[in-house]
Every structure is written in structure tokens, then in C-alpha cells.
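# Observations on the model geometry
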Amino acid sequence: MTRENIELGNVTPHNIKQLKRLNSVVFPVSYNDKFYKDVLEAGELAKLAYYNDIVVGAVCCRIDTSEKTRRLYIMTLGCLYPYRRLGIGTLMVQHVLNYVEQDGDFDSIFLHVQVNNEGAIDFYKKFGFEIVETKEHYYKRIEPADAHVLQKTIRKKGQTNGIIE
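Residue positions are counted from 1 within each chain, in the order its sequence is given. Note on the predicted model: pLDDT of at least 70 is required for a residue's local features to be given, and 80 or more for side-chain atom pairs to be given and counted; whole-chain, interface and lining totals, by contrast, use all residues. Computation of side-chain values: all heavy atoms of the structure, hydrogens and water removed.

Here, a salt bridge means any side-chain nitrogen of Lys or Arg that lies within 4 Å of a carboxyl oxygen of Asp or Glu. According to the stated counting rule, one finds eight salt bridges in the structure shown. Where Asp 38 meets Lys 34, a salt bridge forms, and the shortest distance between an N and an O atom there is 2.6 Å. On the criterion of helical spacing, the pair formed by Asp 38 and Lys 34 is a turn pair, its members being four residues apart in helix α2 (residues 33-40). Here Asp 38 falls in the partly exposed class, since its relative accessible area comes to 32%. Buried means the residue's accessible area, taken with a 1.4 Å probe over protein chains only, is under 20% of the maximum for its type, while exposed means over 50%, and partly exposed covers the values in between. Overall, the relative accessible area of 53% leaves Lys 34 in the exposed class. The partner of Lys 47 in a salt bridge is Glu 44, and the shortest N-O contact between them spans 3.2 Å. By relative accessible area, Lys 47 is classed as buried at 7%. The helix and strand labels rest on DSSP assignments: H or I over at least four residues marks a helix, E over at least two residues marks a strand, and numbering proceeds from the N terminus.

Here is the structure:
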């Protein structure tokens, strides 16, 4: 019996095509060249997930500083269907949570999920994410076009590094 080995690795120019292929299989939307160019410069905010040295998932984030807050936006987090429920998604979310904790200066983490994707919604709720908004017609060319905004609050408004002002 072989023991599974799950680990995260960097996205590089040498493996970016694997990320593109993975995203084309996992997500109902396609991402443009700028998305992948930004991912290559994202460092710890973009990771490939390996299961026994095979790319089976990925997480890609960016820092969002709109609305006078500093938030981490999970652009994509996905895993190939046969490899779901093995802890790979949890490892990727944990990586994001660790990054935010080590940084110490984020107000929240957020992402968009198609309204009918109950599996993803339930998955993120396990980590303390909540539906905070529903955006109508968020997606182009897919149905349903509406998306929930899921958010995990890290720091309450008016709070700086654990101290309420």
C-alpha cells in the first residue's frame, strides 16, 4: 500500500501550462493571459497542489486594497474531481490562512462562488467564511450567472493589529 504524499509547490514559467490546463478542467470560466502573468509574480499567493507528484489542484490569490481595506482575494482554488475529499483543498485553504496570519495586516479574505455550487459553499463555511453578498450577473457566459461573495473576517473595522481604536 502506498502512502499518499500531498504538497504545495510554486507556480513557475516551467509549469504554468499545467495550471492553465487544470483551470480549464476545474472551472467553468476561462482566464486570460494577464491572469497567468500576474500569477507568475504572485509568489506565495499562487501554489500548485501535488498528489504523489501529480498536479491535481491549485490556489491563486491577490491582494485587494479597494474600499480602504486590505483584503486577500482568492481568485481560484480548485482540485480535480477524482482527488477531492483527500485534504488537498484543506491544505490550500490552510496555506492561505497561514499567509494571512503571518502577514498580520489583512482585514478579510474573500472569494466568489457560483450560487449553485453548494459543495464549495459548505467547504468554505467549515473555515469560517460566510455569505456576505450575492452579485447578480457576475459571470458571463455561464448559468447561473449569479455569485455569492464569501468572506472570512480577520480584523474588525477600527481594529489595528488586535487593538480596537
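After that view, the rundown keeps rolling.
With that settled, the discussion passes to helix α3 (residues 88-103). Any helix carries an expected span of 1.5 Å times its number of residues minus one. Between its terminal C-alpha atoms α3 stretches 23 Å, which fits the 22 Å expected from 16 residues at 1.5 Å a residue. Every buried residue belonging to α3 is among Ile 88, Gly 89, Met 92, Val 93, His 95, Val 96, Leu 97 and Val 100, and all of these are buried. Backbone geometry just after α3 places Gly 104 at a positive phi near 80°.

Moving on, we come to the confidence of the model for the chain. On average, residues of the chain score 92 in pLDDT, and 92% of them reach the 70 mark or higher. Within a predicted model, pLDDT stands for the predictor's per-residue confidence, ranging from 0 to 100. Looking across the chain, the model is least confident in strand β9 (residues 163-164), with a mean pLDDT of 45, and most confident in strand β2 (residues 46-51), with 98.

Once that is clear, we can look at the UniProt feature "domain: N-acetyltransferase" (unreviewed entry) in the chain. In the UniProt entry, the feature "domain: N-acetyltransferase" (unreviewed entry) is given for residues 6-155. Within the segment residues 6-155, helix and strand shares are 29% and 34% respectively, and the terminal C-alpha atoms sit 31 Å apart. UniProt positions are given in the numbering used here, feature names are shortened, and annotations may be inferred rather than shown by experiment.

In this structure, Val 56 sits in strand β3 (residues 54-64). The exposure class of Val 56 is buried, given its relative accessible area of 1%. Separated by 37 residues in the primary sequence, Val 56 and Val 93 place their C-alpha atoms 15 Å from one another. The contact criterion used is simple: two residues touch if any of their non-hydrogen atoms lie within 4.5 Å. Dropping the residues within four chain positions of it, Val 56 is found in contact with Leu 22, Ala 49, Tyr 50, Tyr 51, Gly 78, Cys 79, Leu 80, Tyr 83 and Ile 88.

This part covers the nonpolar core. Working definition of a nonpolar core: buried Ala, Val, Leu, Ile, Met, Phe, Trp, Tyr and Cys residues. They are joined through side-chain atoms within 4.5 Å. Among the nonpolar cores identified, the biggest contains 47 residues, and Leu 19, Val 39, Ile 74 and Tyr 124 are the most heavily contacted of them. Non-local contacts of Ile 74, meaning those with residues more than four positions away in its chain, are made with Val 59, Cys 60, Cys 61, Val 96, Ile 109, Phe 110, Leu 111 and Phe 129.

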